[in-house]
Amino acid sequence: VGTAISGIDIGNATDLPTISFNGANFPTTGTFTGTLTGMTAATTGTIYYEVRRGLCTLYIVANITGTSNTTAMTMTGLPAAVQPVTEIYAPCIVADTGNATASMANVSGSTIYFTVPLVSGASVVSSSTNFTNSGTKGILTGWTMTYPLK
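Here the structure is a predicted model, which means the values were calculated and not measured. (Residues numbered from 1 in each chain as written. Predicted model: local features only at pLDDT ≥ 70, side-chain atom pairs only at ≥ 80, totals over all residues. Heavy atoms only, no water.)

Draft legend 1. Quick peek at the packing of aromatic side chains. Inspection of every chain in the model, using the stated rule, returns three aromatic pairs. Residues F32 and Y49 carry aromatic rings whose centres are separated by 6.4 Å and whose planes lie at 40° to one another, so their mutual orientation is tilted. In this pair, F32 is assigned in strand β4 (residues 28-37) and Y49 in strand β5 (residues 43-52), connecting sequence segments 17 residues apart. Taken as a pair, F32 and Y49 share a single burial class, namely buried. (Phe/Tyr/Trp six-rings, centres within 6.5 Å; stacked < 30°, edge-to-face > 60°. Helix = DSSP H or I, 4+ residues; strand = E, 2+ residues; numbered from the N terminus. Buried < 20%, exposed > 50% of the residue type's maximum accessible area, 1.4 Å probe, protein only.)

Draft legend 2. Expanded view of the nonpolar core. Among the nonpolar cores identified, the biggest contains 29 residues, and L58, M75, F114, I139, W143, M145 and Y147 are the most heavily contacted of them. Mapped by element, the contributors of at least two residues to this core are β4, β5, β6 (55-59), β8 (73-76), β9 (88-96), β10 (99-108), β11 (111-120) and β14 (144-148). With residues up to four places along the chain from it excluded, the contact list for L58 reads F32, I47, Y48, Y49, V82, I112, W143, T144, M145 and Y147. (Core = buried A, V, L, I, M, F, W, Y, C linked by side-chain atoms within 4.5 Å. Contact = heavy atoms within 4.5 Å.)

Draft legend 3. Fine view of the side chain of K137. By the secondary structure assignment, K137 is in strand β13 (residues 136-139). Among buried charged residues, K137 stands out as having no salt bridge; its nearest opposite-charge side chain is D96, 6.3 Å away. Within the structure, K137 has its side chain in polar contact with the backbone oxygen of G38 (distance 3.1 Å). When residues no more than four places from it in sequence are discounted, the contact partners of K137 are G38, M39, I64, T65, G66, S68, T70, A72, M73, A95 and F131. (Lys, Arg positive; Asp, Glu negative; His and termini not counted. Salt bridge = Lys/Arg side-chain N within 4 Å of Asp/Glu carboxyl O. Polar contact = N/O pair within 3.5 Å; in protein donor to acceptor, adjacent residues only side chain to side chain.)

Draft legend 4. Inspection of the pairing of β6 at higher detail. With burial as the criterion, only one face of β6 is covered, namely that bearing C56 and L58; the residues L55, T57 and Y59 on the opposite face remain uncovered. Across five bridges, the pairing between β5 and β6 is antiparallel. Directly across from Y49, in β6, lies its bridge partner L58. In sequence, β5 turns back onto β6 through a hairpin of two residues, with R53 there showing a positive phi of about 50°. For β6 and β14, the ladder comprises five bridges, and the chain directions are antiparallel. Bridged to T57 within β14 is T146. (Pairing = 2+ DSSP bridges.)

What follows is the structure in structure tokens.
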């Protein structure tokens, strides 16, 4: 004999949307088409997301790369479900000249602005204009990042 489910909570107007049964929280999942800028041609791919308890995780299962023609890279097209209330920064890995490179991503509204570090004298400077403007750039299979929505 099973246990009956009682108490369904679907949140309220001030919370992020969640669904819970008997206090168990279930994630919101989905996909969207992300477009990377800073390439010679349109560079798009499927971005998967999961939102659980106010944290959003983005990830991919196939490379999204192109030929670089600028020193910057952004991802546009983030849906409302994955946009933080205020601008946030989160670490991730990107490809620059085809090599995996540490990055800090600035998530602001429907856009992610990627930065890469550059050694300048005795300092390491992270800038959104430190990418190489040739070669392969983008995000590689297995790319993931997690950040708070509130």
